[in-house]
Amino acid sequence: MEATLPMKKGNAIEIIAILSLSFILTSTYSVSGVVPTLLEAFPFYSRSSIEFLVSIPSISMIVMIALSPLLAKFFSERSTIVSGLLIAGIAGITPFFTTSFSMIFISRLITGIGFGLINTCAISMISERFTGKKRAHLLGYRTSIETLGQAILTLFAGQLLVWGWQPAFLIYSIAFPLLALYLLFVPNKEVKTQNTFTKEKLHLDQLLPILTSALFGGLLIATNTANSLRIPSYIVENNLASTLTANRVLSLFMFAGFIGGAFFGKLFTLLKKYFLTVLLFAGGLGLIFIPLSTSIYFIAIGAFLSGFTITSTVSSIFTRLPEKIPLTFLNTANAMVLIGCNLGATIAPLLLNWIGKMNDGLDFPFIIFAIIFFIISTGSFWHAKTSKQ
């Protein structure tokens, strides 16, 4: 039987403190707006190397997420979160103090370790402390907080670009007030969770949905990361707007993810089995808007549509998993999907580099991802028409 802690009426601040941990988790790409400036600051490094510098924390995040079940046996939830926030904060702001490419690379890698330590705890804390509709709502809010944090921190990073690329990394200092909020308002309660190391084994019909979900999640996050990396460069290098305006469009793209997470539940209930069909088609349209328009306003609309779609669709993955996976394997399934998502973020620069070998236009990746979205949307429509569920 699942162990939970009773929820008290006066613990609103505790809920806020728990949800706030997710505010920083996707801030890895909040400094994507520095890419055009970094290309000038490090002229001897290729575009793919600079873009990889932004996404490299995803690699260490993957490692830490994979190790999380093992680490949970030796370290308490509290020590893991405190360590994660300290590591993310200190390593995150390190590029502000150095112009060494290798030092920045190492600090970004360490920043990912901090995020990885927090990532699984941010989800499991909600699952352990709350049940029923309260748990479902809080998990939905958690996704929205992630994207809201990414949007706000991206906006702040963009404003700091006025003083150069280094100040943009100061956004990671948000880890320190989040640490204070956690220590002050989240009680030190250790909860016995479901046995992650159960002797039962996943059957093939259970493993396939997990792997499919991980692959699909990886594609969505790869698209999200590619957009984060390329939207500023596409706008600036085509002289469509300034770096500051490009970063604001990027913030809109990320804020759209917050809106998508907030309205996910209603859309999921309204569209039912046609959810993926409609959302992916809309996302494909958004991606097409970006390269086919010379107006910054249409590019912003396209960025909003794609951002809204990606977050809503990622939320649907985690919502459907409990329908196909026994609860005893749910934590493992979530971890595997998270690994798939972070792999998608990690390989995004490599995908951009590969696509660039076919066509080096900055607009071409948007077209490729749009085509993929349209293909999956069509397949989803066919499946929905032939499925009885």
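Rules of the game
Per chain, residue numbering runs from 1 following the sequence as it is written. Only residues with pLDDT of 70 or above have their local features reported here, since the model is predicted, and side-chain atom pairs are shown and tallied only from 80 upward, although totals for entire chains, interfaces and linings are computed over all residues. Just so you know, side-chain values use all the structure's heavy atoms and leave hydrogens and water out. What counts as a ring pair is set by centres within 6.5 Å for rings of Phe, Tyr and Trp (its six-membered ring), and what kind of pair is set by the plane angle: stacked under 30 degrees, edge-to-face over 60, tilted for all other angles. Summary of the burial criterion: residues with accessible area below 20% of their type's maximum are buried, those above 50% are exposed, and those between are partly exposed, where the area comes from a 1.4 Å probe applied to protein chains only. The salt bridge definition used is simple: a Lys or Arg side-chain nitrogen within 4 Å of an Asp or Glu carboxyl oxygen. By the criteria applied, helices consist of DSSP H or I runs no shorter than four residues and strands consist of E runs no shorter than two, each listed in order from the N terminus. Helix axes use the C-alpha atoms of the stretch in contact, all axes being lines fitted to C-alpha atoms, and the angles between their N-to-C directions lie in the range 0 to 180 degrees. Throughout, the term roughly parallel applies to angles under 35 degrees, roughly antiparallel to angles over 145, roughly perpendicular to angles from 65 to 115, and oblique to all others. By convention the crossing between two helices is left-handed if the near helix lies anticlockwise of the far one by an angle smaller than a right angle, and right-handed if it lies clockwise. By definition, residues are in contact when any of their heavy atoms lie within 4.5 Å. Polar here means any residue outside two lists: the nonpolar Ala, Val, Leu, Ile, Met, Phe, Trp, Tyr, Cys and Pro, and the charged Asp, Glu, Lys and Arg; Gly therefore counts as polar. Expected helix span is taken as 1.5 Å per residue step, with the number of steps being one fewer than the number of residues. Values of pLDDT, ranging from 0 to 100, describe the predictor's confidence in every residue of the model. Note on patches: the residues involved have over 30% relative accessible area and no salt bridge, like charges join within 9 Å, and the nonpolar side chains Val, Leu, Ile, Met, Phe, Trp and Tyr join within 5 Å. Methods summary: accessible areas were calculated by the Shrake-Rupley approach with a probe of 1.4 Å, and residue burial reflects only the protein chains presented.

Caption draft 1: View of the packing of aromatic side chains. Applying the stated criterion to the full structure yields 15 aromatic pairs. On the numbers, 6.1 Å between centres and 85° between planes, the contact of phenylalanine 42 with tyrosine 45 is edge-to-face. Judged by its relative accessible area of 9%, phenylalanine 42 falls in the buried class. Tyrosine 45 gets classed as partly exposed once you look at its relative accessible area, which sits at 37%. Taken together, a centroid distance of 5.8 Å and an interplanar angle of 75° make the contact between tyrosine 234 and phenylalanine 366 edge-to-face.

Caption draft 2: Geometry of the pattern of salt bridges. In this structure the tally under the stated criterion is three salt bridges. Across the pair glutamate 237 and arginine 47 runs a salt bridge, and its minimum N-O distance is 2.9 Å. Here arginine 47 lies in helix H3 (residues 47-55) and glutamate 237 lies in helix H9 (residues 204-237), a separation of 190 residues in the sequence. Here glutamate 237 falls in the partly exposed class, since its relative accessible area comes to 39%. Salt-bridge contacts for glutamate 51 lead to arginine 230; the nearest nitrogen and oxygen are separated by 3.0 Å. Of the two residues, glutamate 51 sits in helix H3 while arginine 230 sits in helix H9, which places them 179 residues apart along the sequence. Just as glutamate 51 is buried, arginine 230 falls in that class too.

Caption draft 3: The packing of H9 against helix H10 (residues 243-271), seen in detail. Between H9 and H10, whose axes approach to 8 Å, the crossing angle comes to 155°. Taken together, the axes of H9 and H10 lie roughly antiparallel to each other. The crossing of H9 and H10 is right-handed. Residue-level contacts link Asn224, Asn227, Ser228, Ile231, Pro232, Ile235 and Val236 of H9 to Thr243, Ala246, Val249, Leu250, Phe253 and Met254 of H10. The residue makeup of the contact of H9 with H10, split by class, is nine nonpolar, four polar and no charged.

Caption draft 4: Layout of the side chain of serine 377. With respect to the helices and strands, serine 377 occurs in helix H14 (residues 364-386). In this structure serine 377 touches Leu276, Thr277, Leu280 and Phe281, once residues within four positions along its chain are discounted.

Caption draft 5: A look at helix H11 (residues 275-292). For H11, which comprises 18 residues, the first-to-last C-alpha distance of 26 Å matches the rise-based estimate of 26 Å (1.5 Å per residue) to within 8%. Within the sequence span of H11, burial applies to Phe275, Thr277, Leu279, Leu280, Gly283, Gly284, Gly286, Leu287, Ile290 and Pro291.

Caption draft 6: Region of the structure containing the side chain of serine 32. Relative to the helices and strands, serine 32 resides in the loop between helix H1 (12-20) and helix H2 (35-41). Contact partners of serine 32, with chain neighbours within four places excluded, come to Val54, Ser228, Leu229, Pro232 and Leu250.

Caption draft 7: Structural context of the confidence of the model for the protein. The pLDDT averaged across the protein works out to 84; a share of 90% of its residues lies at or above 70. pLDDT under 50 marks residues 1-10. Its contacts with residues more than four places away, or in other chains, come to 16 contacts. In this model residues 191-197 is a low-confidence stretch, pLDDT under 50, and it forms 14 contacts with partners more than four residues away in sequence or in other chains.

Caption draft 8: Up close: a nonpolar patch on the surface. Judged by side-chain polarity, Ile59, Val63, Leu67, Leu70, Phe74, Phe75 and Leu109 come together as a nonpolar surface patch covering roughly 620 Å² of accessible area. Ranked by residues supplied to the nonpolar patch, first place goes to helix H4 (residues 57-71) with four residues. With respect to the element layout, phenylalanine 75 can be found in the loop between H4 and helix H5 (77-93). Under the relative-accessibility criterion, phenylalanine 75 is labelled partly exposed at 47%.

Caption draft 9: Looking closely at the environment of isoleucine 50. Within the secondary structure, isoleucine 50 sits in helix H3. Exposure remark for isoleucine 50: the relative accessible area of 0% places this residue in the buried category. With near-sequence residues (within four places) excluded, isoleucine 50 lies in contact with Val35, Leu38, Leu39, Phe42, Tyr45 and Phe101.

Caption draft 10: Representation of unusual backbone geometry. Of note, asparagine 239 is a non-glycine position whose phi angle comes to about 55°, a positive value. Mapped onto the fold, asparagine 239 is located in the loop between H9 and H10. In this structure asparagine 239 comes out as exposed when scored by relative accessible area, which is 71%. Residue lysine 272 is not a glycine yet carries a positive backbone phi of 55°. Its place among the elements puts lysine 272 in the loop between H10 and H11. Judged by relative accessible area, which is 57%, lysine 272 ranks as exposed.

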